[in-house]
Amino acid sequence: MSKVVETRSMLLQVLILVFFFFSAFVKNGNAGITSTFIRSEWPSNDIPLDNEVFEVPKGHNAPQQVHITQGDYNGKAVIISWVTPDEPGTSKVQYGVSKNYDFTAEGTVRNYTFYNYTSGYIHQCLVDGLEYDTKYYYKIDSGDSYREFWFQTPPKINPDIAYKFGIIGDLGQTYNSLSTLEHYMQSGAQAVLFVGDLAYADRYMYNDVGIRWDTWGRFVERSAAYQPWMWSAGNHEIEYMPDMGEVIPFKSYLNRYPTPHLASKSSSPLWYAIRRASAHIIVLSSYSPFVKYTPQWEWLRKELKRVDREKTPWLIVLMHVPIYNSNEAHFMEGESMRAVFEEWFVHYKVDVIFAGHVHAYERSYRISNIHYNVSGGDCYPVADKSAPVYITVGDGGNQEGLAERFRDPQPDYSAFREASYGHSTLEIKNKTHALYHWNRNDDGKKVSTDAFVLHNQHWGSNLRRRKLKKHHLRRVVDWASSF
């Protein structure tokens with residue numbers, strides 16, 4: 001018994017040392033790490049259409065491609081989407097706290113064409129007025145067939161509430177994608193922050209574009225039907241294909257994946273904001289106009305002023321193109337958005353910015369380049385305690401493969417980088433600290449590779465931090481003792 005106690009005590013000491021090591025590491029900065037891991041890559045080809053992961057549900061006109069996203073600003077609503085392949089059927093959702101399904105909501109139905117492809121009937125139904133922190137069951141009936149699912153609403157907005165997000169980007173529908181999705185589903189995360197590039201259907205031509213949107217919808221349903229995925233659009237959602245007569249950007253994406261943009265007073269589904277648990281999440285569009293006076297610029301300026309760090313202390317931004325990226329792939333593509341928005345990110349003390357696009361993983365220190373201008377001033381990023389941590393997670397597993405060529409030498413702002421597939425989690429513990437992990441897919445196995453403690457920019461950078469430090473350390477000790 002004494003050996004067990006001694007072992008637990010040693011483990012506790014190690015965990016506390018690791019905690020303070022990572023805290024200092026992220027706060028003060030050190031020489032960055034370029035991982036030497038070499039992945040024996042699985043083929044980057046898309047999974048064949050007849051594979052079981054794309055299986056069509058049994059029954060005539062059975063609902064398929066079911067997915068949910070947050071449906072309002074504060075987490076008391078969901079938008080449920082699904083497709084019926086043969087005929088419209090009904091757009092009703094039955095739901096309740098049991099399978100008695102005491103309530104019914106009525107949605108809308110639409111379809112669209114892309115080249116000679118005609119989509120199935122796309123249903124979208126807003127289910128609102130939900131209670132916080134409650135498990136709801138829901139049933140979708142097409143008239144001839146029905147399917148049943150469930151979801152859990154988030155806890156009531158509170159600065160000290162714990163919540164765990166998953167972060168996935170550039171997923172696609174390869175065997176690597178499947179590995180990422182399966183590993184994410186084992187993480188215990190409660191919602192997905194998706195940083196763009198969903199199906200990679202634009203890698204195909206003609207009718208196959210629409211077919212690959214359908215397979216991807218069935219592919220992610222195993223997760224997206226049971227917990228909300230918060231969407232953002234990437235370059236592979238643009239689908240500008242004039243040779244096929246398709247010139248309306250984001251046509252497939254906007255028809256299939258709704259967002260609650262109106263709840264945050266956005267004029268476009270491509271940029272919006274939500275509040276969930278203790279987080280305020282802002283989604284930006286890298287491929288929509290964002291310079292001064294454009295709708296997205298005007299909206300973000302107002303939205304940042306709406307953030308209340310007393311209620312939602314964690315301020316998270318999603319975008320597709322990374323602002324800081326030391327990979328040869330897509331190098332400096334985020335520079336134009338950096339020039340427009342970085343000063344705001346620093347001023348409002350954004351905690352972390354997640355991006356995709358680059359098919360590798362990279363994490364930065366807290367740095368900024370806000371003093372640079374074309375006629376003078378510093379031209380290099382510098383350490384900035386008010387700046388966000390920038391994390392690139394464009395490593396979901398798509399068919400384009402990994403971006404393996406990092407720039408040499410590693411820039412001072414880059415803390416860790418590796419060309420592997422994987423996913424991330426951000427586990428908010430309280431108003432002051434969150435635990436972050438990046439999990440590599442190592443030949444089909446989940447391996448936790450990069451981890452650190454993220455200090456909240458609002459509560460961790462003012463006088464309140466000193467008052468809370470003793471209380472927080474006690475919480476960390478209690479948390480470590482649970483292992």
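For the structure, check the block above.
Owing to the predicted nature of the structure, the values given are computational and were not obtained by experimental measurement.

In terms of regular secondary structure, the chain is built from seven helices and 26 strands. The buried share of the chain, reckoned over its 483 residues, is 57%. The contacts in the chain between residues at least 6 apart in sequence include a share of 72% that link residues at least 24 apart.

Look at helix α6 (residues 335–347): 18 Å from first C-alpha to last across 13 residues, which is about the 18 Å you get at 1.5 Å a residue. At phenylalanine 341, α6 is bent by approximately 50°, the largest bend along its length. For α6, the complete set of buried residues consists of Met337, Arg338, Phe341, Glu342, Trp344, Phe345 and Val346. In the core, the buried residues of α6 are packed alongside α5 (295–306), β17 (314–318), β18 (352–355), β20 (367–368) and β22 (389–393). Of the residues one or two after α6, lysine 349 is the one with positive phi, at around 55°.

Bringing the sheet that holds strand β4 (residues 92–96) into the picture now. The antiparallel open sheet is built from four strands, whose spatial order is β5-β4-β10-β11. Strands with a single pairing partner mark the edges of an open sheet, and in this sheet they are β5 (103–106) and β11 (146–152). Across the sheet, the axes of successive neighbouring strands diverge by a mean angle of 25°, strand direction being ignored. As paired strands, β4 and strand β10 (residues 135–141) are joined by four bridges and run antiparallel to one another. Bridging from a neighbouring strand, glutamine 94 pairs with lysine 139 of β10.

We now examine the environment of arginine 256. The residue arginine 256 is located in helix α4 (residues 251–256) in this model. Here arginine 256 falls in the buried class, since its relative accessible area comes to 4%. With 174 residues separating them along the chain, arginine 256 and tryptophan 82 place their C-alpha atoms 8.6 Å apart. Sequence-distant contacts of arginine 256, defined by excluding residues within four places in its chain, comprise Gln65, His67, Ser81, Tyr112, Tyr117, Ser119, Ile122, Gln124, Gly210, Trp213 and Asp214. Looking at arginine 256, its side chain comes within polar contact range of the side chain of tyrosine 117, at 2.9 Å.

Turning next to the pattern of salt bridges. Using the criterion set out here, one finds 15 salt bridges in the structure. The partner of lysine 58 in a salt bridge is glutamate 55, with the nearest N and O atoms 3.3 Å apart. By relative accessible area, which is 70% here, lysine 58 ends up exposed. When its relative accessible area of 48% is taken as the criterion, glutamate 55 is described as partly exposed. Residues glutamate 427 and lysine 429 are paired through a salt bridge, measuring 3.5 Å at the closest nitrogen-oxygen approach. Residues joined by salt bridges that share partners form a network here, namely Glu335, Arg338 and Glu342.

Of note, tryptophan 459 is situated in the loop between β26 (445–455) and α7 (463–481). Taking C-alpha positions, tryptophan 459 is 8.4 Å from arginine 309, a pair spaced 150 residues apart along the chain. Of the polar contacts made by the side chain of tryptophan 459, one reaches the backbone oxygen of arginine 309; its length is 3.2 Å.

This next bit is on the sheet that holds strand β9 (residues 121–127). Ordered by their spatial adjacency, four strands build an open sheet running β2-β3-β9-β6, and the pairing between neighbours is antiparallel. A strand with exactly one partner marks an edge of an open sheet, and here the two such strands are β2 (64–70) and β6 (108–110). Mean inter-strand twist for the sheet, computed between neighbouring axes without regard to direction, equals 20°. As judged from the five bridges shared by β2 and strand β3 (residues 78–84), these two strands associate in the antiparallel manner. Bridge pairing in β3 places isoleucine 68 opposite isoleucine 80.

Cut-offs and rules
Residues numbered from 1 in each chain as written. Predicted model: local features only at pLDDT ≥ 70, side-chain atom pairs only at ≥ 80, totals over all residues. Heavy atoms only, no water. Helix = DSSP H or I, 4+ residues; strand = E, 2+ residues; numbered from the N terminus. Buried < 20%, exposed > 50% of the residue type's maximum accessible area, 1.4 Å probe, protein only. Contact = heavy atoms within 4.5 Å. Expected span 1.5 Å × (residues − 1). Bend = angle between axes of the 7 residues up to and from the residue. Pairing = 2+ DSSP bridges. Axes fitted to C-alpha atoms, helices over the stretch in contact; angles between N-to-C directions. Polar contact = N/O pair within 3.5 Å; in protein donor to acceptor, adjacent residues only side chain to side chain. Salt bridge = Lys/Arg side-chain N within 4 Å of Asp/Glu carboxyl O.

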